[in-house]
Amino acid sequence: MTAPRILCPKLRERIMTAKEAAALIPSGVNVGMSGFTGAGYPKAVPQALAEHIREHRDLGEKYRISVWTGASTAPELDGALAEVDGIEMRLPYQSDPVCRQKINEGRMEYVDIHLSHVAQHAWSGFFGKLDVAVIEVAGVTEDGRLIPSSSIGNNKTWIDQADRVILEVNHGQTSGLEGMHDIYYGTALPPRRKPIQMTAPDDRIGEKYLLCPPEKVIAVVETNSPDRNSRFSEPDENSQRIARHLLEFFEAEVKSNRLPKNLLPMQSGVGNIANAVLAGLNEGPFDNLTAYTEALQDGMLAMLKSGKLRMASATAFSLSPEAIRELTQNIDFYRERIVLRTQEISNHPEIIRRLGIIAMNGMIEADIYGNVNSTHIMGSRIMNGIGGSGDFARNGYISVFMTPSTAKDGAISSIVPMVSHVDHTEHDVQIVVTEQGLADLRGLAPRQRALKIIENCAHPDFKPKLLDYFERACSSGRGMHTPHLLGEALSWHQRFEETGQM
C-alpha cells in the first residue's frame, strides 16, 4: 500500500478483509454501491461477495441481493455478481454483458430510470429500505470525513439512507482528487424544497467531502485497484461526418444569434461519436467553452488541456488508461478546472434548464417523426438504459440525438417508420444527426419533421422505402396530423427478426 489513507482512529479499528466485509451483507437486502460509468466503484467487496454467494449456492441455498448504483460499473461488480446469479434487482443503469443477458433472459429484474430521479425515489422509499452501502473513497480524514473517489453518483444518498456502511479505501485513486468534489447537502423532499443556488457551471454550493457518522461504518477495506478504463476507438468516418454536421450547425446558430460565441454549457453522452464531436470542438472556432455533464471523458480532458474548455462539471470520470495517466500526472492543473458533483445535482432538471445546456446524446433509432429509442434492441431487449439522456434532453436548451444511419453492416436502418420502443418523445427531440446530415426539427409540425428527417438523415438504401411509407400513410385517409399505417409501422423490425434484413 501507499501512504496511509485512513487517518481517523475510529475507522482504522474497523479495517478488515474484503471476505470478512462481504460476510456482513446478508441475502435479501438492498445494497447501494458507488460507481458511475466504470469509475469509483468498489472493487474488492463485490468480488468477495460473489464468492460468498457461490459458496451458499453450492450448498443449495438461494442468496441474492438488489443492487443500486449511480450508473454502470464494471466486471468486478456487475459482472461478478451477475455471474453467480446473485442480483435479484438492478437499478438504475447497467452496461455489463452478463448483467444484460440475465435481464433479457428474465432472470434479473431491472428498473431503468432517469438518473435525476434515483436519489429522490430512494429518499421517498419507492424502492424499499436501503440496508447497506458499499462506497469507494480515496481516503478518510482525521475527523472522519470521506474523500470521494473518481465518481460521486448517488454516494451521498446511499450513505445517508443506509443503516450500515462499508468503505473501500482505494490507494489506486490519486490523493490529488481531494478538493475536486462539491457535495451538496441542501436537497429536500416536497414541500420543503428550496431553489438550488447555481447560475454558472463552476459555482460551488457544497462540501468537499462526504459526511458519514463513524458509528454507521461496519467495515473498512483497503484496496489498490484501477477503475475500469476502456480505450475509445479512433473516430471512424461516420463519427467524423456526424461531428462536422453538428459543428456546422453550431456555427450557424452563433451567426444567427441563437447561441453565444462560446456556445452554452455542453452535456455529452459517452462513446466514440461523442468523443469525435469533442475532438471537432477542440479544433474548431469556439473558445472559452464550458461543460455541465455526467461523465467527463477523454475528449473533454483534451479540451481542458488545450484551453478550449475553460471548466467542466460532472459526477464522474470515464477515461481511457492514457487519459487517467494524464489526469494523475497533472492533477493540480485539472483540480482547478473540474468539479465533481452528486448525481442529483449534475442531472438536476432545474439547473439544466437554468444554465441552458446543449445536450448531445446517442440513440439506437429514431422514427420519421422524431421519437427516439435509446435503450431497446427490436423493442424488447434492453441494451444499457436511458441513463441521464432524458434529464438533459427534456430540460436542455438544445436537444441533439446522434447515430450512424445504419447498423449491422447496413442490414438495419436507424431511421424507421416507428421506433420499437420510445425513450424520448418527439417533444424532447430537436436535432437528429447521422453521417448523412442534420435535421433541425424546431418549429416543425409532424409531417414537416418526417420529410426533414427522411431527406437529411436516412441512408440512401432506405430513403425511398421511408418516403413510400410516409406518402402512403398520408393518403390512407386515417388522419393527417401524424400519418401512420398501423399494420406496417413495425413491419421493418418484424422483417429483421424473421430475415435479418429490414
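Structure shown above.
In this convention, every chain numbers its residues from 1, walking through the sequence in written order. For a predicted model such as this one, the threshold for reporting local features is a pLDDT of at least 70, and the threshold for listing and counting side-chain atom pairs is 80 or more; totals across whole chains, interfaces and linings nevertheless cover every residue. Hydrogens are left out, water is left out, and the side-chain values use all remaining heavy atoms of the structure.

**Looking at the overall build of the chain**
Okay, so step 1: Put simply, DSSP H or I for four residues or longer makes a helix, DSSP E for two residues or longer makes a strand, and each gets a number counted from the N terminus. Secondary structure assignment for the chain yields 18 helices and 26 strands.
Okay, so step 2: With the radius of gyration taken over C-alpha atoms, the globule rule is written as 2.2 Å times the number of residues to the power 0.38. Its C-alpha atoms give the chain a radius of gyration of 23 Å, within 12% of the compact-globule value 23 Å for 502 residues.
Okay, so step 3: Projected onto its principal axes, the C-alpha coordinates of the chain cover approximately 75 × 55 × 45 Å.
Okay, so step 4: Here the chain holds 502 residues, and the buried ones make up 58% of them.
Okay, so step 5: When checking whether two residues touch, look at their non-hydrogen atoms; a contact exists if any pair is within 4.5 Å. The contacts of the chain with a sequence gap of at least 6 include a subset with a gap of at least 24, amounting to 73%.
Okay, so step 6: A total of about 19800 Å² of accessible surface is found on the chain, and carbon and sulfur atoms cover 48% of it. Relative accessible area decides the class of each residue, using a 1.4 Å probe on protein chains only: under 20% of the type maximum gives buried, over 50% gives exposed, and in between gives partly exposed. To be clear on the numbers: accessible area is Shrake-Rupley with a 1.4 Å probe, and residue cover counts the displayed protein chains and nothing else.

**Overview of the pairing of strand S25 (residues 431-434)**
Okay, so step 1: Alternating positions in S25 separate into two faces, Ile431 and Val433 on one and Val432 and Thr434 on the other, with burial throughout.
Okay, so step 2: Across three bridges, strand S21 (residues 398-402) lies against S25 in parallel orientation. In the strand pairing of S25, Phe401 is matched with Val432.
Okay, so step 3: If DSSP finds at least two bridges between two strands, the strands pair. Here S25 pairs with strand S26 (residues 437-440) via four bridges, running antiparallel. Bridging across to S26, Val432 finds its partner in Ala439.
Okay, so step 4: The hairpin formed by S25 and S26 contains two residues between the paired strands.

**Quick notes on the packing of helix H10 (residues 298-306) against helix H11 (residues 321-329)**
Okay, so step 1: Taken N-terminus to C-terminus, the directions of H10 and H11 make an angle of 35 degrees; their axes are 10 Å apart at the nearest point. Of the two elements, H10 crosses H11, and the hand of that crossing is left-handed. Of H11, the residues touching H10 (which contributes Asp298, Leu301 and Lys305) are Ala323, Glu326 and Leu327.
Okay, so step 2: When grouped by side-chain class, the residues that make up the contact of H10 with H11 number three nonpolar, no polar and three charged. To get an axis, a line is fitted to the C-alpha atoms, and for a helix only the part in contact is used. The angle between two axes follows their N-to-C directions and goes from 0 to 180 degrees. If you view the pair so one helix is near and one far, a crossing is left-handed when the near helix is turned anticlockwise from the far one by less than a right angle, and right-handed when it is turned clockwise. Classification used: nonpolar for Ala, Val, Leu, Ile, Met, Phe, Trp, Tyr, Cys and Pro, charged for Asp, Glu, Lys and Arg, polar for all others including Gly.

**Looking at the nonpolar core**
Okay, so step 1: Residues Leu246, Phe250, Leu281, Leu296 and Ile338 are the most contacted members of the largest nonpolar core, which totals 72 residues.
Okay, so step 2: When residues of this core are assigned to their parent elements, the largest contribution, seven residues, is made by helix H8 (residues 237-255).
Okay, so step 3: With residues near it in sequence (within four places) discarded, Leu296 still touches Leu301, Leu304, Ala312, Ala314, Ala316, Phe317, Ser318, Leu319 and Ile338.
Okay, so step 4: Put simply, buried Ala, Val, Leu, Ile, Met, Phe, Trp, Tyr and Cys residues joined by side-chain atoms within 4.5 Å make one nonpolar core. Within the second largest apolar cluster, 39 residues are counted, among which are Ala71, Leu77, Ile166 and Ile382.

**Re the packing of aromatic side chains**
Geometrically, a pair of aromatic rings is defined through the distance of the ring centres and the angle of the planes.
Okay, so step 1: Note on ring pairs: Phe, Tyr and Trp rings are taken, using the six-membered ring of Trp, and paired if centres are within 6.5 Å. Classes follow the plane angle, with under 30 degrees stacked, over 60 edge-to-face and the rest tilted. Taken as a whole, this structure holds five aromatic pairs when the rule is applied.
Okay, so step 2: Between Phe249 and Phe250, the ring centres sit 5.8 Å apart and the planes meet at 50 degrees, which makes this aromatic pair tilted. Note on accessibility: Phe249 and Phe250 belong to one class, buried.
Okay, so step 3: Aromatic pair Phe462 and Trp492: ring centres 6.0 Å apart, planes at 40 degrees, arrangement tilted. Residue Phe462 is located in the loop between helix H16 (446-457) and helix H17 (463-474), and its partner Trp492 is located in helix H18 (residues 491-499); the two are separated by 30 residues in the primary sequence.
Okay, so step 4: Joined through ring pairs, the aromatic side chains of Trp68, Phe127 and Trp158 make up one cluster.
Okay, so step 5: Cation placement over rings: the criterion is NZ of Lys or CZ of Arg within 6 Å of the ring centroid and within 35° of the ring normal. Between the NZ or CZ atom of Lys43 and the centre of the ring of Tyr41, over which it lies, the distance is 4.1 Å.
Okay, so step 6: If you follow Arg145 out to its NZ or CZ, it ends over the ring of Tyr209, 4.3 Å from the centre.

**Some details on the sheet that holds strand S24 (residues 415-416)**
Okay, so step 1: Strand order across the open sheet formed by three strands is S18-S17-S24, with mixed pairing between neighbours. In this open sheet, the two strands that pair with only one neighbour each are strand S18 (372-373) and S24.
Okay, so step 2: Pairing geometry for strand S17 (residues 365-367) and S18, over two bridges, is antiparallel. In the strand pairing of S18, Glu365 is matched with Asn373.

**A word on the pattern of salt bridges**
Okay, so step 1: Salt bridges are identified by distance alone: a Lys or Arg side-chain nitrogen within 4 Å of an Asp or Glu carboxyl oxygen. Scanning the entire structure with this criterion turns up 25 salt bridges.
Okay, so step 2: For the salt bridge of Arg90 with Asp78, the shortest nitrogen-to-oxygen distance reads 2.7 Å. On the criterion of sequence distance, the pair formed by Arg90 in strand S3 (residues 87-91) and Asp78 in helix H4 (residues 75-83) is long-range, its members being 12 residues apart.
Okay, so step 3: Salt-bridge contacts for Asp440 lead to Arg442; the nearest nitrogen and oxygen are separated by 2.8 Å.

**As for the side chain of Lys463**
Okay, so step 1: Considering the arrangement of structural elements, one finds Lys463 in helix H17.
Okay, so step 2: Here Lys463 is buried and forms no salt bridge, its nearest opposite-charge partner Glu455 lying at an N-O distance of 4.0 Å.
Okay, so step 3: Polar contact criterion, stated in full: a pair of N or O atoms within 3.5 Å, where within protein one must be able to donate a hydrogen and the other to accept it, and residues adjacent in sequence count only if both atoms are side-chain atoms. In this structure the side chain of Lys463 is engaged in a polar contact, spanning 3.0 Å, whose partner is the backbone oxygen of Glu455.
Okay, so step 4: Setting aside residues no more than four positions away along its own chain, Lys463 makes contact with Ile454, Glu455 and Ala458. Residues scored as positive are Lys and Arg, those scored as negative are Asp and Glu, and His as well as the terminal groups of each chain are ignored.

Any functional reading would require information beyond the geometric quantities listed.
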